[in-house]
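Architecture and fold: a report
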Number of protein chains: 2
Amino acid sequence: MGKHTETLRRMGRTSTRGREGILRILEETSIPLSPKDIRERFPEPKPDTATVYRNLSLLSSLGLVRSVALHERCRRYEAAGEGIHRHRVVCRGCGRIEAFQVTTCHLAGIEADIRRRFGFKVTDHSLEFFGSCPECRKKEGAK
Amino acid sequence: MGKHTETLRRMGRTSTRGREGILRILEETSIPLSPKDIRERFPEPKPDTATVYRNLSLLSSLGLVRSVALHERCRRYEAAGEGIHRHRVVCRGCGRIEAFQVTTCHLAGIEADIRRRFGFKVTDHSLEFFGSCPECRKKEGAK
DNA sequence: ATTGCAAATGCAAATATATTGCAAGCATGG
DNA sequence: CCATGCTTGCAATATATTTGCATTTGCAAT
């Protein structure tokens, strides 16, 4: 009877080890994880890969997790709790990822503009910064 | 002797059909294309898939194209010309993509902040909006 | 124009990532 | 505790991306 049982039940879903586990794992980390990362962090017995994908897809449709695209070969996921709004910085050199919380998000104006111009109703957005971390800058001769 | 021959030579690379083609194709479209899309737009004889991938990787490291992550299973690419700065709106319902140019990008302040807090030097960023396009809103009963 | 060499390409095979069908197992309501 | 339907594991499949290697091409120096 995990911490998220209630949440899942309220949404008409059964609470299972796979689902509880994913939610717990994603809450414990500050950077988004790939399906593989997630599976590896499960204690034995690890759920099947297919189960991880199916549950990520379900939790995502319930809005409990959210996918983050960092220009890699695979997607990553993060917990999508209320009011949590994170952006990220990704190092092009070593792939290191830092997450940071933004105090105010300046993008509300743009979203209204999009509604006006395209009729699109924006539900969320994704903002990532790319560059070089201190270590990689050092290696490359401090640009 | 294509339009991009000079650019490539200046960067110490040979100008080939594959590279010229990719740059031309990406300039002709307003939305980012997948490697598959790109290959399909080549006139016969189409280059091999591996060639497309290798060239995208090269052009990307030269900064002539840039990858765009839209939470799909594959990456997309767009031309990365000087001063060109695009954002996108993606419909979660049908996958439709619209691109729009921003006049001023409000993010310079954040980038400075990142430099201060993490020592990361930001070279670029990626901003995408997700939501429902007019058609999908209609189908779903206008939310 | 011809030639030599490094770099680019095609092709096939290997990996990595993601999805699906189906039989067996588990969660929940009665 | 039992029946039911949703979940899971497993194997097979689909899709995306990468790699090795032999061949061809681009291009600079004849």
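Provided above is the structure to which this section pertains.
Residues numbered from 1 in each chain as written. Chains lettered and ligands numbered in written order. Predicted model: local features only at pLDDT ≥ 70, side-chain atom pairs only at ≥ 80, totals over all residues. Heavy atoms only, no water.

1. A short note on the protein's contact with DNA strand D
Around DNA strand D sit 21 residues, and of these Thr16(A), Arg19(A), Thr51(A), Tyr53(B) and Arg73(B) come closest. Sugar and phosphate atoms constitute 81% of the interface atoms of DNA strand D, taking the interface as everything within 4 Å of the protein. In the model, a phosphate oxygen of DNA strand D is placed 2.9 Å from a nitrogen or oxygen of the Asp48(A) main chain. At a separation of 3.4 Å, a phosphate oxygen of DNA strand D approaches a polar backbone atom of Arg75(B). When contributions to the surface near DNA strand D are tallied by element, the ones reaching two or more residues are helix 2 (17–27) and helix 4 (49–61) of chain A together with helix 4 (49–61) of chain B. (Near = heavy atom within 4 Å. Polar contact = N/O pair within 3.5 Å; in protein donor to acceptor, adjacent residues only side chain to side chain. Helix = DSSP H or I, 4+ residues; strand = E, 2+ residues; numbered from the N terminus.)

2. Examining the interface of chain B and chain A
Contacts between the two partners involve 42 residues from chain B and, on the opposite side, 42 residues from chain A. Summing both partners gives a buried area of about 3700 Å² for chain B against chain A, and 61% of it is carried by carbon and sulfur. Summed over the three residues of chain B that lose the most area to chain A, namely His71(B), Phe120(B) and Phe129(B), the buried surface amounts to 19% of that side. On the surface where chain B and chain A come into contact, there are two salt bridges. For Arg92(A), the salt bridge identified is with Asp124(B), shortest N-O distance 2.8 Å. (Contact = heavy atoms within 4.5 Å. Buried area = accessible area lost by both parts, 1.4 Å probe. Salt bridge = Lys/Arg side-chain N within 4 Å of Asp/Glu carboxyl O.)

3. A look at the relation of the copies chain B and chain A
Mapping chain B onto chain A calls for a rotation angle of 179° and an axial translation of 0.1 Å; the resulting RMSD is 0.3 Å. Such a turn and shift between the copies fits a two-fold axis. Among all residues of chain B, the one whose C-alpha sits closest to the rotation axis is Leu127(B), at a distance of 2.3 Å. Interface overlap between copies: 100% of the residues of chain B at the interface are likewise at the interface in chain A, consistent with a symmetric, same-surface contact. (Least-squares fit on C-alpha atoms with pLDDT ≥ 70 in both.)

4. Concerning the packing of helix 2 (residues 17–27) of chain B against helix 4 of chain B
Residue and element names in this part refer to chain B. Where helix 2 meets helix 4, the closest approach of the two axes is 10 Å, and the angle between their N-to-C directions is 70°. With respect to each other, helix 2 and helix 4 are oriented roughly perpendicular. Handedness of the helix 2/helix 4 crossing: right-handed. On helix 4, the residues that touch Gly 18, Arg 19, Ile 22 and Leu 23 of helix 2 are Val 52, Asn 55, Leu 56, Leu 58 and Leu 59. (Axes fitted to C-alpha atoms, helices over the stretch in contact; angles between N-to-C directions. Parallel < 35°, antiparallel > 145°, perpendicular 65-115°, else oblique. Left-handed = near helix turned anticlockwise from the far one by under 90°.)

5. Quick notes on the protein's contact with DNA strand C
As a matter of local geometry, DNA strand C sits amid 21 residues, with Arg9(A), Tyr53(A), Arg73(A), Arg19(B) and Thr51(B) nearest to it. When the atoms of DNA strand C within 4 Å of the protein are grouped by moiety, sugar and phosphate amount to 79% of the total. Contact between DNA strand C and Arg9(A): a phosphate oxygen at 2.7 Å from a side-chain N or O atom of the residue. Asp48(B) has a polar backbone atom sitting 2.8 Å from a phosphate oxygen of DNA strand C. Among the elements of the structure, helix 4 of chain A together with helix 2 and helix 4 of chain B are those that each provide at least two residues to the surface near DNA strand C. The element best represented in the surface near DNA strand C is helix 4 of chain B, accounting for four residues. For the surface near DNA strand C, the per-class residue count stands at six nonpolar, seven polar and eight charged. (Nonpolar A, V, L, I, M, F, W, Y, C, P; charged D, E, K, R; others polar.)

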